[in-house]
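Here are the chains, one letter per residue:
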Amino acid sequence: MFAQVSFPISSFQTFTYRVPSSLLKSVHQGTCVNATINRKLQAGFVISISDNTSYSGKILFIDSIREQDLHIPSELWNTLEWISKYYIAPIGQVLKAAVPNSFLKTYKPQLLQFVQITEIGKEKLALLNKKPAQIRLMKKLSILSEPVRVSSLKKYVSSPYTICKDLEKKGFINSVYQPKITDPFKIMGPGNLQNIKLSIDQQKVIDNIQNSNQGFNPYLLHGVTGSGKTEVYLKLAQNIVKNDKSVLVLVPEIALTPQVANRFRKAFGKRVALWHSRMTKAEKGWTWQQLKNGYYSVVVGARSAIFSPLKNIGLIIIDEEQESSYKQENPSPRYNARDVAMVRGKNANAVVLLTSATPCLESYYNTLQSKYSLLKLNKRYGSSQYPSVKLVDMKKEYINNENVVLSKILIKEIENRLAKNEQIIILQNRRGYSRVHQCLDCGEIKKCKQCSVSLILHKTDNSLHCHYCEYSEIPSFKCEICNAENMIFSGSGTQHVEDIINQKFPNANTLRMDIDTVGKRDSHLNILTKFSNKDADILIGTQMIAKGLDFENVTLVGVINADSGLFFPDFRAGERVFQLIYQVSGRAGRRERLGLSIIQTYNPDDEYIKTAASLDIKKFYNISLSQRQELNYPPFSRIGRIIFSGQDKLLINQYAKKIAKKLANKNDYIILGPSLAPIEKIKGDWRIHLIIKTSNKNNQNIHKFLYSKIGFKLFEKKWNGIKIVIDIDPLSML
């Protein structure tokens, strides 16, 4: 018997091995085996089994089985094969992305001690009057409904471990030991099945889903911000788990959306596995093992959680489905988890629910084509009302003050909110202090030496930084081109906005949330917890504060520069601006109090900004779909993008033109380019791209077209120093 084995390398080739007689019953599709390649024993995956082979060379034997109980579910295996084919990625690379390498190693996490008061402890609480430290600790435990980590009790007593040991001997408390897995929510109890009160509209959504035919059904839940979409899919998840099926919940980034995961942890407790970027490789490996063994019913995680080896999946939820973070940019496979979820849902015969207040155009169009069933929540939950929105023309503010960042009305409304002890969110979707360092004499803008982007001033170290290659330097006030000493800073980032707000409102407590402030473990959660607990009045941040957050005391949202990103050379630029403004406006007025959103812009007549400010989502879709159809861009076509990069600009261009000529096709495909990419240079490499566009939306065979014209080998390695990357359904055209 022969096996085709794929290794986690950038080759589309599979390798033929003999299956030794001792392993005939153990080796099958998906088995992880040890086999020799390039004189080294490597872990690979069996792709297929056959009784004979056409290969006439020397054939080695499989050495052994690497993991006896891997058990990738068949529906997941079929999904991985689809990813390999559709996104033009070697199956070995897909498996490398899907299965953590660390699962192959034995990992025993450190055990953490949790304690909970017993019934005896509650009865004897009054008898501890001579031991004040024990009383303080016991009183705290008596008001908690689930076990609490012993180390967290240091704020109540100086030596919690010693006291807990004494109390446990008396039978007043019980200890529970849990593996130390990075869990930003530190909720380790069994969970309580929540009695979720649904509105009539919410119940209709659930009834629509549950009364439909069982099995694969894709839905798009389009609900305004604050309409209670989370409650809907939490209730659905409870019903699915009751029927002994599992639930997979994807959020754009688990580190940035703790409220969603927290709700699931409270409802399902230890039956929920978290999968996020702050987990170590070893922790991911251990969690993967537990998933494989069926210890969890629910997984809440970011993009790569789509590969979770959950058994018997009944429901897949994609929260904020429009988010670009679901798309893997680098390395290969460059998949979109939202689209993969559809394929996995179909393979698993499960319900797939996309949710968003601002669905992407592709998903919205799929509802018009009856590919998805559209479900709507048009009203906010309870008595909360949608905020009023004011559009501010910053050109008028600029006449009186060239350096204006905060408009007069925004300053006035911040003062009003602070006086009422209400909270404010300020969005500036650019980090750093100043965006541009420019010579006023010759106009030269200071750029990174390795990338074709301007350097950004960061006040934390008073240095200019490149956000692409991490290069930094101390700013000079002498121009390198004309030697004039007339260099200035302009354009504001989150640090600059924070400075201005602290100067204008010195008595207000501010927090800033961007990539620079959430680098440390738990830092994102600490910021959001402080703001939720009203320890701060104003939260300033980038797009990470725009979606998925629910603060009942926020009544004012300010958008500093709504134009940010509007003029990027990307056909999705307007859509992104609309989504960001619409979503962040929805953070205001989430409960009884009325909310206000102030949108500052230099382009008040732009259609995307006007429709976002008027909260007119129907008009936005009509305008956008009309423009996309006219230009034959998605969702009316499919696109692929080939990026050529390297040191020699001329050679890259020649090679790209050669490929473009081979791809020339007058009928089913349109080839745009090659041309310099909008960001021409990154990390010293020049970038040239060409776009492959299908002539109609039903053509999903870009991979077949490429294979017939140029094959896939050119994507496996560098050619004459040129790296060639293929991206199917790209979200970024930069």
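Look above for the structure.
The structure displayed is predicted, hence computed values, not measured ones.

## Remarks on the packing of helix H16 (residues 573-585) against helix H18 (residues 617-631)
With their axes 11 Å apart at the nearest point, H16 and H18 run at an angle of 170° to one another. By the angle class used here, H16 and H18 are roughly antiparallel. For the pair H16 and H18, contact is made by Glu575, Phe578 and Tyr582 and by Ile617, Phe620 and Arg628, respectively. Of the residues contributing to the contact of H16 with H18, the split by class is four nonpolar, no polar and two charged.

## Some points on the packing of helix H1 (residues 74-86) against helix H2 (residues 91-98)
Where H1 contacts H2, the two axes come as close as 9 Å, and the packing angle between them is 130°. Judged on the interaxial angle alone, H2 and H1 are oblique. H1 and H2 meet at a crossing whose hand is right-handed. Residue-level inspection shows Trp77, Leu80, Glu81, Ile83 and Ser84 of H1 in contact with H2, the latter providing Ile91, Val94, Leu95 and Ala98. Residue composition of the contact of H1 with H2, grouped by class: seven nonpolar, one polar and one charged.

## Re the pairing of strand S6 (residues 111-117)
Burial runs high along S6: five of the seven residues are buried. By the bridge criterion, seven bridges tie S6 to strand S8 (residues 173-179) in an arrangement that is antiparallel. Of the residues in S8, the one forming a bridge with Gln116 is Asn174. With two bridges joining them, S6 and strand S7 (residues 148-149) adopt antiparallel strand pairing. Along S7, the bridge assignment pairs Phe114 with Arg149.

## Here we look at the sheet that holds strand S25 (residues 554-559)
Taken together, six strands build an open sheet; the order of strands is S16-S26-S25-S17-S24-S23 and the sheet is parallel. What marks the edges here is a single partner per strand, and that holds for strand S16 (388-393) and strand S23 (510-513). Looking at each pair of strands side by side, their axes are set apart by 15° on average, direction ignored. Here helix H15 (residues 523-532) sits on the sheet in contact with strand S17 (423-427), S23, strand S24 (538-541) and S25, set at roughly 145° to S23.

## Describing the packing of aromatic side chains
This structure, assessed with the given rule, holds 21 aromatic pairs. Here the aromatic rings of Tyr608 and Phe620 are separated by 6.1 Å at their centres, their planes lie at 65°, and the arrangement is edge-to-face. In this pair, Tyr608 sits in helix H17 (residues 607-613) while Phe620 sits in helix H18, placing the two residues 12 residues apart along the sequence. Just as Tyr608 is buried, Phe620 falls in that class too. Summarising the aromatic geometry, the rings of Phe620 and Tyr621 are spaced 5.1 Å apart at their centres and angled 55° between planes, so their arrangement reads as tilted. Since its relative accessible area comes to 1%, Phe620 is described here as buried. The class of Tyr621 is buried, set by a relative accessible area of 1%. Directly above the ring of Trp686 sits Lys649, whose terminal nitrogen or CZ lies 4.4 Å from the centroid.

## A closer look at helix H13 (residues 408-419)
For an α-helix, 3.6 residues make a turn, and residues three or four places apart therefore share a direction. For H13, with 12 residues, the first-to-last C-alpha span of 17 Å sits near the 16 Å given by 1.5 Å per residue. Buried within H13 are the following residues: Leu410, Ile411, Glu413, Ile414 and Arg417. Looking down the long axis of H13, one finds its buried residues gathered within 165° of arc, a one-sided arrangement. In this structure, H13 carries Lys408, Lys412 and Ala419 as exposed residues pointing more than 90 degrees from its buried face.

## Quick look at the side chain of Gln290
With respect to the helices and strands, the residue Gln290 is situated in helix H9 (residues 281-292). Residues within four places of Gln290 in sequence aside, it is in contact with Tyr295 and Tyr296.

Definitions and cut-offs
Residues numbered from 1 in each chain as written. Predicted model: local features only at pLDDT ≥ 70, side-chain atom pairs only at ≥ 80, totals over all residues. Heavy atoms only, no water. Axes fitted to C-alpha atoms, helices over the stretch in contact; angles between N-to-C directions. Helix = DSSP H or I, 4+ residues; strand = E, 2+ residues; numbered from the N terminus. Parallel < 35°, antiparallel > 145°, perpendicular 65-115°, else oblique. Contact = heavy atoms within 4.5 Å. Nonpolar A, V, L, I, M, F, W, Y, C, P; charged D, E, K, R; others polar. Left-handed = near helix turned anticlockwise from the far one by under 90°. Buried < 20%, exposed > 50% of the residue type's maximum accessible area, 1.4 Å probe, protein only. Pairing = 2+ DSSP bridges. Phe/Tyr/Trp six-rings, centres within 6.5 Å; stacked < 30°, edge-to-face > 60°. Lys NZ or Arg CZ within 6 Å of the ring centre and 35° of its normal. Expected span 1.5 Å × (residues − 1). Arc of directions from axis to C-beta.

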